[in-house]
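A closer look at the structure
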Amino acid sequence: MSKHRVSRRQFLNYTLTGVGGFMAAGMLMPMVRFAVDPVLKASEGGDFIATKQRVDEITTEPQRVDFTFTQKDAWYESEVTNTAWVYRDDKGEIVALSPVCKHLGCVVSWGSDSANPDMFFCPCHYGLYTKDGVNVPGTPPLGPLDVFPYQERDGILYLGKAKPHKEA
Ligand code: FES
């Protein structure tokens, strides 16, 4: 049987060192992560998020493209799915429009109003937008749909954060 006994002073020293180390690690980890985060982000491709949409399959007909990303609010992380309406314009340029109606934030969809099959339609208050996302005067929305910046990488469409339409 060992006669090694821990004195009260030693016990307090071990305990305080352990607790202090634990607390220091708890404070340092977020700081290290904060410092390294931009590097991690850059390697993930910045703020552009990969969709499942192949660029060579984008036609002149707007199609719904869903994309999912992880959103961080302080300590809370959640998976968010966003949607864009994507098509090629007359010049062959890709256009990616936000589906969020500029009246009160309902969701617009392409061609869902049988009376206006070639427009974006918001069912909440009968808002209409032309194909380029510009609001139709006389309907409730007061501005055009936001636009997602995009990138093409390895044939896949990446979308950034939606910005106000340049016609706004
Ligand atoms: S929210 Fe779209 S028309 Fe009102």
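It should be noted that the structure appears before, not after, this text.
In every chain, residue numbers begin from 1 and rise along the written sequence. Owing to the predicted nature of the model, reporting of local features is limited to residues with pLDDT of at least 70; listing and counting of side-chain atom pairs is limited to 80 or more, with chain, interface and lining totals taken over all residues.

Right, let's talk about the overall build of the protein chain for a bit. Counting secondary structure elements, the protein chain contains one helix and nine strands. Helix and strand assignments come from DSSP, with helices taken as H or I runs of at least 4 residues and strands as E runs of at least 2, each series counted from the N terminus. Its helices and strands taken in sequence order, the protein chain reads α-β-β-β-β-β-β-β-β-β from the N to the C terminus. Residues classed as buried in the protein chain amount to 19% of the 168 residues present. Two residues form a contact once the distance between their C-beta atoms, set from the backbone, is within 7 Å. Summarising the internal contacts of the protein chain: among those between residues at least 6 apart in sequence, 41% fall at separations of at least 24. Backbone-placed C-beta atoms define the burial measure: a residue is buried with 20 or more other C-beta atoms within 10 Å of its own, exposed with 12 or fewer, and partly exposed in between.

Turning to the sheet that holds strand β6 (residues 120-122), a few remarks are in order. In this description, strands pair whenever DSSP reports at least two bridges between them. Pairing within the open sheet is antiparallel, and its three strands lie in the order β5-β6-β7. Since the sheet does not close on itself, it has two edges, and those belong to β5 (109-110) and β7 (127-129), each with one partner. Examined bridge by bridge, β6 and β7 share three bridges and lie antiparallel to one another. Counted as the bridge partner of F121 is L128 from β7.

With that settled, the discussion passes to the pairing of strand β1 (residues 49-54). Burial along β1 is one-sided: the face carrying I49, T51 and Q53 is buried and the face carrying A50, K52 and R54 is not. Relative to strand β9 (residues 156-159), β1 runs antiparallel, the two sharing three bridges. Within the sheet, the bridge partner assigned to I49 lies in β9 and is L159.

Moving on, we come to the sheet that holds β9. Each strand in a sheet pairs with another by means of backbone hydrogen bonds, the pair being arranged parallel or else antiparallel. With antiparallel pairing, the three strands of this open sheet are ordered in space as β1-β9-β8. At either margin of the open sheet sits one strand with a lone partner, and together these are β1 and β8 (150-153). With direction set aside, neighbouring strand axes in the sheet form an average angle of 35 degrees. Every axis in this analysis is a line fitted to C-alpha atoms, fitted for helices over the stretch in contact. Angles between the N-to-C directions lie between 0 and 180 degrees.

To continue, consider the pairing of β9. Direction of pairing for β8 relative to β9: antiparallel, over a ladder of four bridges. When the sheet's bridge partners are listed, Q151 is paired in β9 with Y158. Between β8 and β9, which pair antiparallel one after the other, the connecting turn spans two residues, and D154 there sits at a positive phi close to 50 degrees.

This brings us to the environment of E152. Along the chain, E152 turns up in strand β8. For the pair E152 and V55, spaced 97 residues apart in sequence, the C-alpha separation works out to 7.1 Å. Beyond its immediate chain neighbours, meaning those up to four positions away, E152 contacts V55 and L157.

Here we come to the nonpolar core. Core analysis: the biggest nonpolar cluster contains 22 residues, and A84, A96, V108, F120 and L159 have the highest contact counts within it. Contributions of two or more residues to this core are made by β3 (76-88), β4 (94-97), β6, β7 and β9. If sequence neighbours within four positions are ignored, V108 has contacts with P99, C101, F120, F121, C122, G127, Y129 and L145. The nonpolar core criterion groups buried Ala, Val, Leu, Ile, Met, Phe, Trp, Tyr and Cys residues into a set whenever they are joined through C-beta atoms within 7 Å.

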